[in-house]
Amino acid sequence: MTTMKIDVHHVTRVEGHGDIVVDVEKGEIKECRFEVVEAPRFFEAFVRGRPYHELSHITSRICGICAVGHSTASLRATENALEVEPSEQTVLLRKLLFHGEIIDSHVLHTYYLVAPDFLGVGSVVPLVETHRPVVERALKVKKLSGDLCAMIAGRHTHPIAMAVGGFTHLPTEKELRDMKARLEDARADMDETIALFATLPWPDFERETEYVSLKKDDEYTFIDGEIVTTDGFTYPIQDYRKVTNEECVPYSTAKWTHHNRESYMVGALARFNNNFDQLHPRAKEAAAKLGMEPICYNTFLNSGAQAVEMVHCIEDSIEIIDELLTRGIQPEKPQDVELKACEGVGACDVPRGILFHNYVYDENGICTEANCIIPTNQNMANLNADMKALLPQIMDKPQDEVRLMLEMLVRAYDPCISCSAHFLTVKFV
Amino acid sequence: MSETTNGKPKVAFFDFACCEGCQLTVVDSLQTHLDLLDAVEIVQFREAMTEKGEDYQIAFIEGSCTRKSDEERLFKIREQAAIVVALGACAHLGGVNALKNLHPLNDVRKWVYGDKADWYETYKARPIGEVIDVDAVIPGCPIDREEFVRVVKAVLMGKSLPIPDYPVCVECKLKENVCLLLEGKPCLGPVARAGCDAICPTYGDGCEGCRGLIPNPNENAMNDVLAEAKLTVEEIMSRFTMFNAYQMQEREREAQVAEERK
């Protein structure tokens, strides 16, 4: 193996979207890193000049998988800025919609993207032949979650009916009852999911790090709350910059972040570690079956935490629908807005972790400044630290095995650089 | 069309600057159309599979071209594929990526990356059709999954599927929706291309024109209607530029050139 110096910033941009670079020479690690080479899109720059009611519709287009998450964080930022208080019905419907997205994204990741690694295939397609019931279960739950989102917002990618101060369309009580029946039916699919995941040989790899997520005392929160970390820090969401400390790195179009240590992790595992007590009892049972308890330092089990969250979201969705049906759907319109010069922060814990939107508006409701910090960026430093810790443990194995393990590590983060996985080229330079 | 050993045409998916929501919609369309997998062989689909084949005949491209270095990738795809399909608004129109074009490029880079702006390559966001020839278009942000299935079937039969050139209002009226313009909500329904089954007005939000404008739209009448709904000039313009900023700028440029010629 020779030593090579490469201007990675240029080489990889031709390659695609995210690359792993490894260079081991006579047992010494020269290079080991993950690169983000996705084309930058400049949302924060071009939302300036746009009216407040467009912001959630534009920023939804940052991501096709977590479009509801971006829309919600965007609406909460605008509502906090304009001091709009959404109704209880709006809050309930947003939570229900958000659960739909969490389930949709997690089933995509765990079944379509992670499971093929354990079943020794390159994608979900061959599993149609060899593991038909598994694929059918995944398709069924995926369709359920997509239909749940569509019932409330018109579609999952990109939601239509979400507006500042409420919804422009409401589900009927019949739709809610039908959806509840399907969610109850999905409990059996969740049991099967947990049973399947309990049999998978999760790699044995631990590295202590800091986990960051939102927290509320009375619920396993995905929307609003305080920022907490497993190192014992708590911040109001307006102080998000104290946590994220963004910086540019030369081989990445995604900015990196760090807080108390050289890196921190966000996502399902971070929520699980910070908010285990608030999980639904059935989700706690699921965690026990997977052998998981907080604080879990095995990055690969981020996928396990996602399975636990699916169970939680199915159960909580059923409870939210019950509450909506008890209250009866009120024919509300989005709340009126009084424009003024203002600034606001919105925070959501989207499928891949904590997300911040921060806007400044002028007195006409035109956006003059914007800042969005997405979960995948926050995970970049931690992913690279994990890779550096994992590589020495596995580098005596055959090269193909090392490549697969590193790919699996990256996939465990469910990176949303271009939203998902199986996009990796591993370069042994 | 050249065929593979198993008789199925080989299909590949590519993405440039985009959110990948259209490819996700493709994945979702398989929920109800698993038989599509019997009709084609997918040889490249980074979002969903590891395998990577380069001998495809049909290429679906999502996203806009936003860097000079993207052009080479596009040329290669065009060289290989017998049929190139632009998938979704970013590939078809430039979409929201082209909102960037309304600002000076250096300003945009500095705003996001500060004094490190020079590290990041970018140029004016443009539709794929401005860089290479495109054989078919599936419009929308995101694409409509049923339309995707229809287009794939048409392409496989060697036909091209015309996309509607009538306005969204036609579909909205058929759904018996209350007109949002009467409620003072901005809506591009009268001038925007149909084919979405008027999904946004149906869910209470005015059309944003994500499928582009119809040929020869009566924009003056549209402006009058929007003004009657008490919308400001800024609100009207921002509706027109949300997905069609590239086209609006091009038209302005052409008008300027015509004016100078006079």
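This is a predicted model, so every value here is computed, not measured.

(A) Layout of the overall build of chain B. When you go through chain B residue by residue, the secondary structure sums to ten helices and five strands. Summarising its shape, the C-alpha atoms of chain B cover approximately 60 × 50 × 40 Å along the three principal directions. A total of 262 residues make up chain B; the buried ones form 58% of that total. Within chain B, counting contacts between residues at least 6 apart in sequence, those at least 24 apart form 74% of the total. About 11800 Å² of surface is accessible on chain B, with carbon and sulfur atoms providing 51% of the total. Both charge centroids of chain B, one from 30 positive and one from 43 negative side chains, sit 2 Å from each other.

(B) Summary view of a nonpolar patch on the surface. Residues and elements named next belong to chain B. Taken together, the side chains of Y166, V170 and L174 make up a nonpolar region of the molecular surface, amounting to roughly 300 Å² of accessible area. Take Y166: it is sitting in the loop between α6 (145-156) and α7 (168-174). With relative accessibility at 36%, the residue Y166 sits in the partly exposed group.

(C) How the structure looks around the environment of V164(A). Assignment of secondary structure puts V164(A) in the loop between β3 (162-163) and β4 (166-167). Sequence-distant contacts of V164(A), defined by excluding residues within four places in its chain, comprise Y52(A), L75(A), T78(A), E79(A), P334(A), Q335(A) and V337(A).

(D) How the structure looks around the environment of E54(A). Relative to the assigned elements, E54(A) resides in the loop between α2 (43-46) and α3 (55-59). On a C-alpha basis, the gap between E54(A) and E210(A) in space is 35 Å, while along the polypeptide they are 156 residues apart. Among residues more than four places away in sequence, those in contact with E54(A) are S238(B), R239(B) and M242(B). A distance of 2.8 Å separates the side chain of E54(A) from the side chain of R50(A), its partner in a polar contact.

(E) Quick look at the interface of chain A and chain B. With 62 residues of chain A at the contact, the number on the chain B side is 58 residues. Summing both sides of the interface, chain A and chain B together bury roughly 5300 Å²; the carbon and sulfur share of this comes to 60%. For the pair chain A and chain B, the interface holds two salt bridges. The shortest N-O distance in the salt bridge between R48(A) and D107(B) comes to 3.1 Å. Taken together, chain A and chain B are joined by eleven residue pairs in polar contact (both at pLDDT 80 or more). Elements with a minimum of two residues in the side of chain A that touches chain B: α1 (8-15), α2, α3, α5 (88-118), α7 (132-153) and β11 (367-373) of chain A. No other element matches the six residues that α7(A) contributes to the side of chain A that touches chain B. Classifying every residue of the side of chain A that touches chain B gives 30 nonpolar, 18 polar and 14 charged.

(F) Representation of the packing of helix α1 (residues 21-32) of chain B against α6(B). All names here are of chain B. Look at α1 against α6: their axes get within 9 Å of each other, and the N-to-C directions meet at 80°. As summarised for this structure, α1 and α6 are arranged roughly perpendicular, according to the angle between their axes. Residue-level contacts link T25, V26, D28, S29 and Q31 of α1 to R145, F148 and V149 of α6. Counted by class, the contact of α1 with α6 contains three nonpolar, three polar and two charged residues.

(G) Representation of the side chain of N101(B) in the model. All names here are of chain B. Tracing the backbone shows N101 in the loop between α4 (89-92) and α5 (105-113). A relative accessible area of 9% places N101 in the buried class. One polar contact links the side chain of N101 to the main-chain carbonyl oxygen of A125, over a distance of 2.9 Å. With near-sequence residues (within four places) excluded, N101 lies in contact with K124, A125, Y246 and Q249.

(H) Quick look at the sheet that holds strand β5 (residues 136-138) of chain B. Residues and elements named next belong to chain B. Here we have five strands laid out as an open sheet, ordered β2-β1-β3-β4-β5, and parallel in their pairing. With partners counted over all chains shown, the strands left at the sheet margins are β2 (41-45) and β5, one partner each. Geometrically, the sheet is characterised by an average inter-axis angle of 20° between neighbouring strands, direction not taken into account. In the packing of α6 onto the sheet, contacts are made with β1 (10-15), β3 (58-62), β4 (83-87) and β5, and the angle to β3 comes to roughly 150°.

(I) Looking closely at the sheet that holds β11(A). Residues and elements named next belong to chain A. The sheet built from three strands is open, its strands ordered β9-β10-β11 with antiparallel pairing. The open sheet terminates on both sides in strands that have one partner only, identified here as β9 (342-350) and β11. The mean angle between the axes of side-by-side strands here comes to 10°, regardless of whether they run parallel or antiparallel. In this sheet, strand β10 (residues 353-361) lies alongside β9 in antiparallel orientation, the contact comprising nine bridges. Across the sheet, the residue bridging to C348 is L355, located in β10.

(J) A look at the nonpolar core. Membership of the largest hydrophobic core comes to 169 residues, with the highest contact counts inside it found for F272(A), F60(B) and F148(B). Considering each element in turn, this core owes the most residues, 14 residues, to α5(A).

(K) Fine view of the packing of aromatic side chains. Summed over all chains, the structure comprises 16 aromatic pairs over all chains. A centroid spacing of 4.8 Å and a plane angle of 50° characterise the contact between F43(A) and F46(A), whose relative ring orientation is tilted. Separated by three residues within a single helix, F43(A) and F46(A) lie in helix α2, roughly one turn from each other. Taken individually, F43(A) and F46(A) each receive the classification buried, so the pair is uniform in this respect. Cluster of aromatic residues (ring-pair linked, three or more members): Y111(A), F118(A), F197(A) and W202(A). One residue, R73(B), lies across the ring of F16(B), its end atom 4.1 Å from the ring centre. The cationic tip of R126(B) hangs over the ring face of Y123(B); the distance from NZ or CZ to the ring centre is 3.7 Å.

(L) Representation of unusual backbone geometry. Following T157(A), the chain continues into H158(A) via a peptide bond in cis, with omega recorded as -20°. Along the chain, H158(A) falls in the loop between α7 and β3. A cis geometry characterises the amide bond from C141(B) onward to P142(B), with omega recorded as -5°. Counting through the fold element by element, P142(B) comes out in the loop between β5 and α6. One non-glycine residue, E20(B), lies in positive phi territory at about 65°. For N216(B), which is not a glycine, the phi torsion comes out positive at approximately 50°. On the basis of relative accessibility, which here comes to 77%, the residue N216(B) falls in the exposed class.

Conventions adopted
- Residues numbered from 1 in each chain as written.
- Chains lettered and ligands numbered in written order.
- Predicted model: local features only at pLDDT ≥ 70, side-chain atom pairs only at ≥ 80, totals over all residues.
- Heavy atoms only, no water.
- Helix = DSSP H or I, 4+ residues; strand = E, 2+ residues; numbered from the N terminus.
- Buried < 20%, exposed > 50% of the residue type's maximum accessible area, 1.4 Å probe, protein only.
- Contact = heavy atoms within 4.5 Å.
- Areas by Shrake-Rupley, 256 points an atom, 1.4 Å probe, with all protein chains shown as cover.
- Lys, Arg positive; Asp, Glu negative; His and termini not counted.
- Charge placed at Lys NZ, Arg CZ, Asp CG, Glu CD.
- Patch = residues over 30% accessible without salt bridge, like charges linked within 9 Å, V, L, I, M, F, W, Y side chains within 5 Å.
- Salt bridge = Lys/Arg side-chain N within 4 Å of Asp/Glu carboxyl O.
- Polar contact = N/O pair within 3.5 Å; in protein donor to acceptor, adjacent residues only side chain to side chain.
- Buried area = accessible area lost by both parts, 1.4 Å probe.
- Nonpolar A, V, L, I, M, F, W, Y, C, P; charged D, E, K, R; others polar.
- Axes fitted to C-alpha atoms, helices over the stretch in contact; angles between N-to-C directions.
- Parallel < 35°, antiparallel > 145°, perpendicular 65-115°, else oblique.
- Pairing = 2+ DSSP bridges.
- Core = buried A, V, L, I, M, F, W, Y, C linked by side-chain atoms within 4.5 Å.
- Phe/Tyr/Trp six-rings, centres within 6.5 Å; stacked < 30°, edge-to-face > 60°.
- Lys NZ or Arg CZ within 6 Å of the ring centre and 35° of its normal.

Scope: geometric values only; no functional claims are made or implied.
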